[in-house]
Amino acid sequence: MATTSALPSPSPSPSECPSGPASPSPAAPAAGAAGAAARPGPLLRVLGDTHALGRRLPQLVVGLALYGGSMGLMLRSGLGLDPWDVFHQGLQGSFGLSVGAWVTICGALVLLLWIPLRQLPGVGTVANVLLIGAAMDLTLRFVGTPGALPVRIALMVTAIVLNGLATGLYIGARLGPGPRDGLMTGLHRRTGGSLRLIRTGIELVVLAVGVLLGGTAGVGTVAYALAIGPLAQFFLPWFTVPTAEQAGRPGKAGKPGPGE
């Protein structure tokens, strides 16, 4: 008969011992804190970041006011409007109200289209809806239509350049796109289509509907289409407010600045 000797079994290591709940490792609180820090709060989600708000908010308001003023000057030149304003003017001629009122109404309606696209508006988005139409109507109240063609051409050129400047100011404030721009970028993000084609398609549709409603398209419409892109590109570097990281300062921009 074979016999086996009874050997003592090895004692379990402390990590195997079921003597109670395991104490959390030192890395666990750090990981939780890092996850919480990675989730931006409501203010940060709306503003993008809170760096240099003392400059960005006034710049946004000035940019939107100048944008609305440039639209009013463009209308007073009588030489044609940008596609959306052809549409707004057509709505005014067909249904009443002021052109600026239709700018505001259409901006709010376009903003509703952000909901299925899951776009989050910023402070600049809401300000765009509220300020541009009012600034346009205020300009139209104090600026009349000149009779001489050279003056009208000069007014048109001034309006287009001012619009490019205003675009640089309000986009450079980094507080959210306008409703129409956000619609285009949202469709691009959701569909994967070309941003240029989406923008062109939307603007051709609103231009065609605006002309059918009696809006004014002309040489100003073509001049605006050709000039506004290069003008915005020229002015944006002058007015884009750097992030906290780019400025090398601490800020709520999602990541610490250099040296933190």
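See the structure above.
Now for a description of the structure that goes with this document. These numbers come from a predicted model, not from an experiment.

### Let's talk about helix H8 (residues 149-172)
Then, in step 1: Compared with the 34 Å implied by 1.5 Å per residue over 24 residues, the 34 Å span of H8 between its first and last C-alpha is a close match.
Then, in step 2: Of the residues making up H8, those classed as buried are Leu155, Met156, Ala159, Ile160, Asn163, Gly164, Ala166, Thr167, Gly168, Leu169, Tyr170 and Gly172.
Then, in step 3: Residues of H8 that are buried sit in contact with helix H3 (53-77), helix H7 (123-142), helix H9 (179-191) and helix H11 (219-239).
Then, in step 4: At the exit of H8 stands Arg174, carrying a positive phi of roughly 55°.

### What about empty space enclosed by the protein?
Unfilled space is identified by rolling a water-sized probe across the atoms.
Then, in step 1: For the coordinates displayed, the defined rule picks out 1 cavity of 30 Å³ or more.
Then, in step 2: The volume enclosed by the largest cavity comes to roughly 40 Å³.
Then, in step 3: In terms of lining, the largest cavity is formed by Ser70, Met71, Met74, Asp82, Ala159, Ile160, Asn163 and Tyr224.
Then, in step 4: Of all the secondary-structure elements, those providing two or more residues to the lining of the largest cavity are H3 and H8.
Then, in step 5: Across the lining of the largest cavity, the residue classes break down as 5 nonpolar, 2 polar and 1 charged.

### What about the layout of surface pockets?
Then, in step 1: If you add up the space inside the largest pocket, you get close to 1,100 Å³.
Then, in step 2: Along the wall of the largest pocket there are 40 residues; nearest its centre are Asp181, Arg199, Glu203, Tyr224 and Ile228.
Then, in step 3: Mapped onto the lining of the largest pocket, the elements with two or more residues apiece are H3, helix H4 (83-95), helix H5 (99-112), H7, H8, H9, helix H10 (195-212) and H11.
Then, in step 4: Top element by residues in the lining of the largest pocket is H11. It accounts for 9 residues.
Then, in step 5: Each residue belonging to the lining of the largest pocket can be placed in one class, and the counts come to 21 nonpolar, 12 polar and 7 charged.

### Here we look at the nonpolar core
Then, in step 1: Ranked by size, the top nonpolar core spans 29 residues in total, and within it Leu60, Tyr67, Met74 and Met136 carry the most contacts.
Then, in step 2: Contributions of two or more residues to this core are made by H3, H5, H7, H8 and H11.
Then, in step 3: It is H3 that contributes the most residues to this core, 7 residues altogether.
Then, in step 4: With residues near it in sequence (within four places) discarded, Tyr67 still touches Ile132, Asn163, Ala166, Thr167, Tyr170 and Tyr224.
Then, in step 5: If you look at the next biggest cluster of nonpolar residues, it comprises 13 residues, including Phe87, Met184, Ile202 and Val206.

### Considering the packing of H8 against H11
Then, in step 1: Interhelical geometry of H8 versus H11 gives an angle of 40° and a closest axis separation of 7 Å. One finds that H8 runs oblique with respect to H11. Where H8 crosses over H11, the handedness of that crossing is right-handed. Taking contact as the criterion, the partners of Met156, Ile160, Val161, Asn163, Gly164, Leu165, Thr167, Gly168, Leu169, Ile171 and Gly172 in H8 are, on H11, Val219, Gly220, Ala223, Tyr224, Ala227, Ile228, Leu231, Ala232, Phe235, Leu236 and Phe239.
Then, in step 2: When its residues are assigned to classes, the contact of H8 with H11 shows 16 nonpolar, 6 polar and no charged.

### Quick word on the pattern of salt bridges
Then, in step 1: One pass over the full model with this rule turns up 2 salt bridges.
Then, in step 2: For the salt bridge of Arg199 with Asp181, the shortest nitrogen-to-oxygen distance reads 3.3 Å. Separated by 18 residues along the polypeptide, Arg199 in helix H10 and Asp181 in helix H9 bring together distant segments of the chain.
Then, in step 3: We classify Arg199 as partly exposed; its relative accessible area is 39%.
Then, in step 4: Given a relative accessible area of 22%, Asp181 falls into the partly exposed group.
Then, in step 5: Here Arg199 ties to Glu203 by a salt bridge, and the two come within 3.5 Å at their closest N and O atoms. With Arg199 and Glu203 both in helix H10, this residue pair falls 4 residues apart, about one helical turn.

Reading the values: the criteria
Residues numbered from 1 in each chain as written. Predicted model: local features only at pLDDT ≥ 70, side-chain atom pairs only at ≥ 80, totals over all residues. Heavy atoms only, no water. Helix = DSSP H or I, 4+ residues; strand = E, 2+ residues; numbered from the N terminus. Expected span 1.5 Å × (residues − 1). Buried < 20%, exposed > 50% of the residue type's maximum accessible area, 1.4 Å probe, protein only. Contact = heavy atoms within 4.5 Å. 1 Å grid on protein atoms, 1.4 Å probe; cavity = no way out; pocket = protein on both sides within 12 Å on 5 of 7 lines; lining within 4 Å. Points joined across faces, edges and corners; volume = space filled by probe spheres on them. Nonpolar A, V, L, I, M, F, W, Y, C, P; charged D, E, K, R; others polar. Core = buried A, V, L, I, M, F, W, Y, C linked by side-chain atoms within 4.5 Å. Axes fitted to C-alpha atoms, helices over the stretch in contact; angles between N-to-C directions. Parallel < 35°, antiparallel > 145°, perpendicular 65-115°, else oblique. Left-handed = near helix turned anticlockwise from the far one by under 90°. Salt bridge = Lys/Arg side-chain N within 4 Å of Asp/Glu carboxyl O.

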